[in-house]
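# Structural overview
Residues per chain are reported as follows:
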Number of protein chains: 2
Amino acid sequence: MSVETNVVLYDAETAAALDQAPDGILRHLPTGPYTFETGATLPQIVLGYETWGTLNAEATNAVYIAHALTGDSHVARGASTEPGWWDGFVGPGKTVDTNRYFVVAANMVGGCSGSTGPASLDPQGVPWGSRFPFTTIKDSVRLEARLADALGIKAWHTVLGGSMGGARALEWAVEFPERVRNCVVVAATAESSAEQIAFAQAQSAAIRLDPDFAGGDYYANERVPSAGLGIARRIAHITYRTAAELDVRFGRAPQGSEQPVASAGLDRGRYQVESYLDHQADKLVGRFDANSYLVLTEALMSHDVGRGHGSLRDALGRLEGVNFLVGAVDSDRLYWPEQSELLAKTLPNPCEVRYITSPIGHDGFLTDIEQLSEPLKREIFS
Amino acid sequence: MSVETNVVLYDAETAAALDQAPDGILRHLPTGPYTFETGATLPQIVLGYETWGTLNAEATNAVYIAHALTGDSHVARGASTEPGWWDGFVGPGKTVDTNRYFVVAANMVGGCSGSTGPASLDPQGVPWGSRFPFTTIKDSVRLEARLADALGIKAWHTVLGGSMGGARALEWAVEFPERVRNCVVVAATAESSAEQIAFAQAQSAAIRLDPDFAGGDYYANERVPSAGLGIARRIAHITYRTAAELDVRFGRAPQGSEQPVASAGLDRGRYQVESYLDHQADKLVGRFDANSYLVLTEALMSHDVGRGHGSLRDALGRLEGVNFLVGAVDSDRLYWPEQSELLAKTLPNPCEVRYITSPIGHDGFLTDIEQLSEPLKREIFS
């Protein structure tokens, strides 16, 4: 690992050139061949990434933001026409102030938003599909270290993320404690739990069950496994919200004039909550590749910062010099607050968990992150 | 409805004959043609049922036990060789004492354990399959009223059930308040919530996605939709337990010598919790029909005792003369304790919820029902 990540791939001139693009515009960095944690090698991994703001001369103001499972590098709008997923939180004058900080976000390897993933072509021009290697969070971090090298960033001022992004931020600190000064982990854990693995298994199985999955090599076919991916998303989305929120929003109401109980057959109408989940599924299917969902889901199942370090405690023991802010959503029932509490108290310098108060559950890390602005401004971005 | 259920199908002699079979042995009662709540008619509904103990001369000691989603009528061993699913709770000298009470349990219509369901044959000898009508909890209760008629039971001493069985018990009281003296509803609700509908939708969709589902008409085929049913069961089973229990039992341990992270491909080894869920799925697939799972799941989605009575409050208002015991599992995250609390306080005679204390979640209604023995003996079976 250290051999790979210490390779200097880019000189200062290249680095300077890489920093010329406007804020929030997707760029691509070829990082060279890469051998994954489990041993497979690909001849070229390209990372799609975006930046906001300007790296200072000492390269001390770089902030890395890690996206979640189906997120991407478009954290904030910048010069693009598309809104970012954390627009209220990242930008000029915002909590992560791009007037002061140089913000970087990369699409995770294995995904489908600009970095090499299963839909990418092999040297013969054939999509990797089922041949794409098993990917771990450690892989993503090791590749992102090459991006940091290319950008001239020896150490991040802060790495920050929620959900799977929190897992990635924490793994950054564990893999490269000397390259991370502050680490912000929101609604995430140090290792995926049995329940998280269990929900992920059901999702993976649904994708594989889809007859259009074709063993993962469906790119040349007319149909892609949308139905399986849609079921995976439905399961996931329920875990991202709370029973109370769904009940307040939808209760048992039928969707429009549909009749969930009136039909004499099983081709009945839908409840509103079903229509809502159909909509969530359709939205994801329209923007995400099923193979990438599988790869990233299995990566999240593998999440365990202790792997390779003896134990979880040993891994966290490496973080003596890293300043932490651990956040959680009080109503989260996928990344339970107890897991954030456990992480916070197991750190070499135990800290207090900062809570987002929200009735909606896990997704509160997306919708209500600004509740953490005060402690972030005071303790991280002061 | 009143027309159908008031039909006297059986005279006293027939009723006496029906009561001669030994305890815990499956019998079958043809109940005649039936028009379902949503309008479809089948020419014959047979109910598979079992009894334990003896009906007294006044027919005042009959107890109805309603099984849950994938349960069946075999509540207690009786004279059979098979253990019952509530053996510790129902039997001679047990909380539901079959020396004192005449206990009856029927398999729900639409199921696959002895009552007419999708795998049953139409008059031409073809399985109903996709033509089986949409079924509701009200349908099950109305048909079970015919069984009560046949057995000579004008009113139940008690109707009792957990989970979907609790829904069935409550619906019994709402449909026929004059035929229920005591009603015991454990880990259940008066109407399925948005979240319960949501999890059910994902399960139904997984079954329908299975290429072996064949639109529901798979009985003549070589393959049945086992994979889809298995995914449905995995999702359901996670909701039946708790994150804490799964984590204590399995954590992130690999299954045997399997290597969940070591493979370079996606054909990786499993975590223990995955193997556990595979086992739960296999067990169900071996004993349950996918169409029945669909029919009963959609019946549970439709659960709403208020339907047909103006409102939920109006429906519960019918229960002035019924004595209630409402139970819940403190760690249940499918049938949240809040839902039991809401039911208990909305009854005409509000009552206190009795708690089963268990770390395992919803399934505590099966494994730890004896925690309710004291209040049951004191207030119901005194």
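Conventions adopted
- Residues numbered from 1 in each chain as written.
- Chains lettered and ligands numbered in written order.
- Predicted model: local features only at pLDDT ≥ 70, side-chain atom pairs only at ≥ 80, totals over all residues.
- Heavy atoms only, no water.
- Domains from an automatic or database assignment.
- Buried area = accessible area lost by both parts, 1.4 Å probe.
- Salt bridge = Lys/Arg side-chain N within 4 Å of Asp/Glu carboxyl O.
- Polar contact = N/O pair within 3.5 Å; in protein donor to acceptor, adjacent residues only side chain to side chain.
- UniProt positions renumbered as here; feature names shortened; annotations may be inferred.
- Contact = heavy atoms within 4.5 Å.
- Helix = DSSP H or I, 4+ residues; strand = E, 2+ residues; numbered from the N terminus.
- Pairing = 2+ DSSP bridges.
- Axes fitted to C-alpha atoms, helices over the stretch in contact; angles between N-to-C directions.
- pLDDT = per-residue confidence, 0-100.
- Buried < 20%, exposed > 50% of the residue type's maximum accessible area, 1.4 Å probe, protein only.

Next up on the list: the domain arrangement of chain A. Residue and element names in this part refer to chain A. Partitioning chain A into structural domains gives domain 1 (2–193 + 301–379) and domain 2 (195–298). Look at where the C-alpha atoms of domain 1 and domain 2 centre, and you get two points 27 Å apart. For the pair domain 1 and domain 2, the two sides together bury roughly 2,800 Å², of which 57% comes from carbon and sulfur. The interface formed by domain 1 and domain 2 includes one salt bridge. Here Arg241 makes a salt bridge to Asp363, at a shortest N to O gap of 2.8 Å. The tally of links from domain 1 across to domain 2 stands at 22 residue pairs in polar contact (both at pLDDT 80 or more).

In this section: the UniProt feature "active site" (unreviewed entry) in chain A. All names here are of chain A. As annotated by UniProt and renumbered to match this structure, "active site" (unreviewed entry) occupies Ser163, Asp332 and His362. Sequence-wise these annotated residues cover 200 residues; spatially they are packed, their C-alpha atoms never more than 10.6 Å apart. When residues no more than four places from it in sequence are discounted, the contact partners of Asp332 are Ala187, Pro337, Gly361 and His362. Of the polar contacts made by the side chain of Asp332, one reaches the backbone nitrogen of Leu334; its length is 2.8 Å. Structurally, the position occupied by His362 is in the loop between β12 (354–356) and α12 (364–367).

A word on the sheet that holds strand β4 (residues 46–52) of chain B. Residues and elements named next belong to chain B. What the eight strands build is an open sheet, ordered β1-β4-β8-β5-β9-β10-β11-β12; its pairing is mixed. Strands with a single pairing partner mark the edges of an open sheet, and in this sheet they are β1 (27–30) and β12 (354–356). Here the strands of the sheet are splayed against their neighbours by 25° on average, with no regard to which way each runs. Pairing geometry for strand β9 (residues 156–162) and strand β10 (residues 180–186), over six bridges, is parallel. Note on β10: the bridge partner recorded for Val159 is Cys183. With respect to the sheet, helix α11 (residues 337–346) is in contact with β10, β11 (323–329) and β12, its orientation differing from that of β11 by roughly 165°.

When the pLDDT values of chain A are averaged, the result is 94; 94% of them are 70 or greater. Confidence over residues 1–10 of chain A falls short of pLDDT 50; this stretch has 17 contacts with residues more than four positions distant or in other chains.

Attention now moves to the UniProt feature "binding site: substrate" (unreviewed entry) in chain A. All names here are of chain A. As annotated in UniProt, the feature "binding site: substrate" (unreviewed entry) corresponds to Arg233 and Asp363 in the numbering used here. The greatest C-alpha distance among the residues just named is 13.6 Å, despite their covering 131 residues of sequence, which places them together in space. Summarising the element assignment, Arg233 is placed in helix α6 (residues 226–240). Assessed through its relative accessible area of 10%, Arg233 is described here as buried. Beyond its immediate chain neighbours, meaning those up to four positions away, Arg233 contacts Thr70, Tyr240, Gln280, Ala281, Leu284, Arg287 and Tyr293. If you trace the backbone, Asp363 turns up in the loop between β12 and α12. In contact with Asp363, other than residues within four places in its own chain, are His237, Tyr240 and Arg241.

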